[in-house]
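Spelled out from the first residue to the last, the chains are:
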Amino acid sequence: MIDSHAHLSPRIEGGAQGLISRAKEGGVKNIILVGYNVESSFEGKAVALQNDGVFYTAGIHPSDCQYADNSAIDQLFELLKSEKGVAVGEIGLDYYYGKDNKSEQIKAFEKQLELASKINLSVVIHSRDATGDMTAILQNYASSLKKGFLMHCYSESKESAQKYLELGAYFAFGGAITFKNAKKEDIIKSIPLNRVLCETDCPYMAPVPYRGNVNESSYIPLVYNKMADTYGVGLEQLVLQIRDNAYRFFGKKEFIEG
Ligand SMILES: [Zn+2]
């Protein structure tokens, strides 16, 4: 199994090594450590370089968009020069928390989409309450993003999912799909099985029965189980399918060997 979206956090018991060792004991072979600013991207890279099966992304989250100046973008560029750097992210738009700086968010997002296109990497996208601007921007950039993009923790409508799919999107779902009243089944089933990934987004969004606790990669089997039930496929089949999807999207041979 693969946790396609994990954040390092001091809230996770034992820090990075605790996170990784408990995940491996639980059969999670790959973890992608996702950066949300320059510092966390550096940290994710350092941990990935020291641990088999662990990869990293580098990017500036919309809530940190004020820091996405040219020198920060240059740092991301340097940071991603490594075999284990798999994507630019997480980047995007968040109009739920950031209603007042939309144009600043858009600027930071577009700069980083240009970076992804320049270095030919995939993109991990955070999008909240921003469907209109997000689809418009992706329509402009999708053809230059040769490795494609992933809508992480997808929370928009089924109709928007179809628009993103037409642009080649992948979608990741996490602990929220296990919540009672989540009602995500219809949206998930509208997405072809070859375009989905599972993630924890730890330390946030712990799946049931750990809801409200600190999340970590070792809980990802709960998300896989819910996805397998939703699609009506066996767990084994889903695990193989998602491994193929992750390889196709992130383009790393280790996913197949792992
Ligand atoms: Zn995240």
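### Focus on the sheet that holds strand β4 (residues 85-94)
Thought 1: The eight strands are arranged β1-β2-β3-β4-β5-β6-β7-β8 in an open sheet whose pairing can be described as parallel. Where the open sheet ends on each side, the last strands, each with one partner, are β1 (2-6) and β8 (196-198). Pairs of neighbouring strands in the sheet enclose a mean axial angle of 25°, with direction left out of account.
Thought 2: As paired elements, strand β2 (residues 30-33) and strand β3 (residues 54-58) share three bridges and run parallel to each other. Looking at β3, one finds that L33 is bridged to Y56.

### Side note on the nonpolar core
Thought 1: Core analysis: the biggest nonpolar cluster contains 84 residues, and M151, F171, F173, M227 and F250 have the highest contact counts within it.
Thought 2: Contact partners of M227, with chain neighbours within four places excluded, come to F173, I177, I188, V196, L197, C198 and L238.

### Some details on helix α3 (residues 70-79)
Thought 1: Along α3, the positions that sit buried rather than exposed are A72, I73, L76 and L79. End-on, the buried residues of α3 take up no more than an arc of 120°, which puts them together on one face.
Thought 2: Packed against the buried residues of α3 are α2 (38-50), β3 and α4 (102-119).

### Considering the coordination of the zinc ion
Thought 1: Distances from the zinc ion to its protein donors, namely H5 (NE2), H7 (NE2), E90 (OE) and D201 (OD), fall within the range 2.1 to 2.4 Å.
Thought 2: Note that the zinc ion binds four donor atoms; their angles at the metal cover 86 to 174°, and the shape is irregular.
Thought 3: For the zinc ion, the single-chain donor residues occur in sequence as H-x1-H-x82-E-x110-D. Of the two residues, H7 sits in the loop between β1 and α1 (15-25) while E90 sits in strand β4, which places them 83 residues apart along the sequence. Each member of the pair, H7 as well as E90, is classed as buried.

### Brief notes about the pattern of salt bridges
Thought 1: Scanning the model with the defined rule gives three salt bridges in all.
Thought 2: Across the salt bridge formed by R22 and E216, the nearest N and O atoms sit 2.7 Å from each other. One end of the pair, R22, is in helix α1; the other, E216, is in the loop between β8 and α8 (220-231), and 194 residues separate them in sequence.
Thought 3: Using a relative accessible area of 24% as the deciding quantity, one classes R22 as partly exposed.
Thought 4: Measuring nitrogen to oxygen at the nearest pair gives 2.9 Å for the salt bridge that ties K226 to E185. Of the two residues, K226 is situated in helix α8 and E185 in helix α7 (residues 185-189); the sequence distance between them amounts to 41 residues.
Thought 5: Exposure remark for E185: the relative accessible area of 31% places this residue in the partly exposed category.

### Remarks on the pairing of β4
Thought 1: Burial analysis of β4 places 10 of its 10 residues in the buried class, which makes it a mostly covered element.
Thought 2: The pairing of β3 with β4 spans three bridges and is classified as parallel. Its bridge partner being in β4, A58 is matched across the sheet by V88.
Thought 3: Tracing the backbone out of β4, into α4 and back to the parallel element strand β5 (residues 122-128) gives a crossover that is right-handed.

### Some points on the packing of α3 against α4
Thought 1: As a packed pair, α3 and α4 sit with axes 11 Å apart at the nearest point and diverge in direction by 30°. With respect to their mutual orientation, α3 and α4 come out roughly parallel. Where α3 crosses over α4, the handedness of that crossing is right-handed. Where α3 approaches α4, its residues N70, I73, L76 and F77 are matched on the opposing element by K111, Q112, L115, K118 and I119.
Thought 2: Each residue belonging to the contact of α3 with α4 can be placed in one class, and the counts come to five nonpolar, two polar and two charged.

Conventions we followed
- Residues numbered from 1 in each chain as written.
- Predicted model: local features only at pLDDT ≥ 70, side-chain atom pairs only at ≥ 80, totals over all residues.
- Heavy atoms only, no water.
- Pairing = 2+ DSSP bridges.
- Helix = DSSP H or I, 4+ residues; strand = E, 2+ residues; numbered from the N terminus.
- Axes fitted to C-alpha atoms, helices over the stretch in contact; angles between N-to-C directions.
- Core = buried A, V, L, I, M, F, W, Y, C linked by side-chain atoms within 4.5 Å.
- Buried < 20%, exposed > 50% of the residue type's maximum accessible area, 1.4 Å probe, protein only.
- Contact = heavy atoms within 4.5 Å.
- Arc of directions from axis to C-beta.
- Donors = N, O, S within 2.8 Å, 3.2 Å for Na, K, Ca; no water.
- Tetrahedral: all angles 85-135°; square planar, octahedral: opposite > 155°, others 65-115°.
- Salt bridge = Lys/Arg side-chain N within 4 Å of Asp/Glu carboxyl O.
- Right-handed = clockwise from strand over helix to strand, strands pointing away.
- Parallel < 35°, antiparallel > 145°, perpendicular 65-115°, else oblique.
- Left-handed = near helix turned anticlockwise from the far one by under 90°.
- Nonpolar A, V, L, I, M, F, W, Y, C, P; charged D, E, K, R; others polar.

By themselves, these observations are geometric and do not establish any function.
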